Amino acid sequence: QVQLVESGGGSVQAGDSLRLSCAASGRTFNSYTMGWFRQAPGKEREFVATIRWNSDTTYYAGSVKGRFTISRDNAKNTVYLQMNSLKPEATAVYYCAASWYSSVPVTSTSSYDYWGQGTQVTVSS
């Protein structure tokens, strides 16, 4: 089992940057594909980015590609989401998640086995 704790959220202005972190407990962190999702008020949770266990593959939602970067440090059991050039529509609760799937980019919420509690990101114009 894996427990995930996100941090790094906050309130920023449009155009600013934030880096989210997700610390994982458990000895098998480096076996999981990790993902970031977000959920805005009144909307469904949506995929943001994912990274394979060995960082050889990353995949992004079209709305964030080129501005967000997912990375991981398996020695620290941590996955990151660097968010640059933030827009107001990025306002949401951001969740990290862990999945046993590894063969393809994993973008569906149903493919993830463990979830963090989320961290709020608010971007004002």
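The sections below set out a description of the structure shown in this document. Since the structure is predicted, the reported quantities are computational estimates derived from the model, not experimental observations.

Cut-offs used in this document
Residues numbered from 1 in each chain as written. Predicted model: local features only at pLDDT ≥ 70, side-chain atom pairs only at ≥ 80, totals over all residues. Heavy atoms only, no water. Disulfide = S-S within 2.5 Å. Helix = DSSP H or I, 4+ residues; strand = E, 2+ residues; numbered from the N terminus. Buried < 20%, exposed > 50% of the residue type's maximum accessible area, 1.4 Å probe, protein only. Pairing = 2+ DSSP bridges. Axes fitted to C-alpha atoms, helices over the stretch in contact; angles between N-to-C directions. Salt bridge = Lys/Arg side-chain N within 4 Å of Asp/Glu carboxyl O.

1. Thoughts on the state of the cysteines
Tallying each qualifying case throughout the model produces one disulfide. Each disulfide pairs two cysteine sulfurs, and for cysteine 22 the partner residue is cysteine 96, the sulfurs being separated by 1.9 Å. Disulfide cysteine 22-cysteine 96: the torsion about the S-S bond is 45°, which places it as right-handed. Placement of the pair is cysteine 22 in strand E3 (residues 18-24) and cysteine 96 in strand E9 (residues 92-99), with a sequence separation of 74 residues. In this pair, the class of cysteine 22 matches that of cysteine 96, namely buried.

2. Some thoughts on the sheet that holds E3
Pairing is antiparallel across the open sheet formed by four strands, whose spatial order is E1-E3-E8-E7. Lying at the two open borders of the sheet, with one neighbouring strand each, are strand E1 (4-7) and strand E7 (68-73). Here the average twist between neighbouring strands, direction ignored, is 15°. Where E7 lies against strand E8 (residues 78-83), six bridges are found, and the strand directions are antiparallel. Bridge pairing links threonine 69 to glutamine 82 in E8.

3. Describing the pattern of salt bridges
Two side chains of opposite charge can pair, provided their charged atoms sit close to one another. Applying the stated criterion across every chain yields a total of two salt bridges. Among the salt bridges present, the one from glutamate 46 reaches arginine 38, with a minimum N-O distance of 2.6 Å. Two residues, arginine 52 and aspartate 56, come together in a salt bridge whose shortest N-O distance is 2.9 Å. Looking at aspartate 56, the relative accessible area reads 47%, which means it is partly exposed.

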